Amino acid sequence: MAGYLPKEWNGKRVAVRFTRGRGFDARLVGDNAGGITVEPVKEEDAEDEEEGARSAFVPWAAVRYIQLLE
């Protein structure tokens, strides 16, 4: 998968699935030609998502698909 996601997706919850392994739900921070930047979100902390959020860069080569959850 390669390309850009719709700008409307920034800040929204997405499901990220990897080419190998499972994946996780996250908040999309942004994307570029190299991949996506996300902040993992736990279901039980959904109301306090901003606390302790850490972003991670995921290269497009590792992404099987991304689905908008909101």
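Quick summary incoming for the structure in this document. Given the structure is predicted, the values throughout are model-derived calculations rather than measurements.

### Describing the overall build of the protein chain
Here is step 1 of the chain: Summing up its helical and strand segments, the protein chain has zero helices and five strands in all.
Here is step 2 of the chain: Of the regular secondary structure in the protein chain, the N- to C-terminal order runs β-β-β-β-β.
Here is step 3 of the chain: Burial analysis of the protein chain (70 residues in total) assigns 31% to the buried set.
Here is step 4 of the chain: A sequence separation of at least 24 residues applies to 48% of the contacts in the protein chain between residues at least 6 apart.
Here is step 5 of the chain: Accessible area of the protein chain: about 4700 Å², with a carbon and sulfur share of 48%.

### A look at the pattern of salt bridges
Here is step 1 of the chain: Counted under the stated rule, the structure contains two salt bridges.
Here is step 2 of the chain: The partner of Asp-25 in a salt bridge is Arg-17, with the nearest N and O atoms 3.5 Å apart.
Here is step 3 of the chain: You can call Arg-17 partly exposed: its relative accessible area is 21%.
Here is step 4 of the chain: Salt bridges sharing common partners tie together Arg-13, Arg-17 and Asp-25.

### Quick look at the sheet that holds strand E3 (residues 35-40)
Here is step 1 of the chain: The strand order across the open sheet formed by five strands is E4-E3-E2-E1-E5, and the pairing between neighbours is antiparallel. On the outer flanks of this sheet lie strand E4 (56-59) and strand E5 (63-68), each paired with one strand and no other. Adjacent strand axes in the sheet meet at a mean angle of 45°, parallel and antiparallel pairs treated alike.

### Topic: the packing of aromatic side chains
Here is step 1 of the chain: Applying the stated criterion across every chain, the model contains one aromatic pair.
Here is step 2 of the chain: The interplanar angle of 55° and the centroid separation of 5.5 Å between the aromatic rings of Phe-18 and Phe-24 together place this pair among those described as tilted.

### Comments concerning the nonpolar core
Here is step 1 of the chain: Counting 13 residues, the largest nonpolar core has Leu-5, Leu-28, Ile-36, Val-38 and Ile-66 as the members making the most contacts within it.
Here is step 2 of the chain: At three residues, strand E1 (residues 13-18) tops the list of elements feeding residues into this core.
Here is step 3 of the chain: Residues in contact with Val-38, not counting those within four places in the same chain, are Val-16, Phe-24, Ala-26, Arg-27, Leu-28, Val-29, Arg-54, Ser-55, Ala-56 and Val-58.

Definitions and limits used
Within every chain, residues take consecutive numbers counted from 1 along the sequence as written. Local features in a predicted model are, by the rule used here, given only for residues with pLDDT of at least 70; side-chain atom pairs are given and counted only at 80 or more, and totals for whole chains, interfaces and linings are based on all residues. Hydrogens and water molecules were not included; the side-chain quantities draw on all heavy atoms of the structure. We count a stretch as a helix when DSSP gives it H or I for four or more residues in a row; a strand needs E for two or more, and each element gets its number in order from the N terminus. Think of it in three bands: with a 1.4 Å probe and only protein chains considered, a residue is buried below 20% of the maximum accessible area for its type, exposed above 50%, and partly exposed in between. Contact between two residues is taken to exist if any of their heavy atoms lie within 4.5 Å; hydrogens are not considered. Here the Shrake-Rupley method, with its probe set to 1.4 Å, supplies the accessible areas, and only the displayed protein chains count as covering residues. A pair is scored as a salt bridge if a Lys or Arg side-chain nitrogen falls within 4 Å of a carboxyl oxygen belonging to Asp or Glu. Whether two strands pair depends on DSSP finding at least two bridges between them. Interaxial angles span 0 to 180 degrees and are taken between N-to-C directions of axes, which are lines fitted to C-alpha atoms, for helices over the stretch in contact. Each Phe, Tyr or Trp ring (for Trp, its six-membered ring) is paired with any other whose centre lies within 6.5 Å, and the angle between the two planes then decides the class: stacked below 30 degrees, edge-to-face above 60, tilted in between. As used in this record, nonpolar core signifies buried Ala, Val, Leu, Ile, Met, Phe, Trp, Tyr and Cys residues forming a set joined through side-chain atoms within 4.5 Å.

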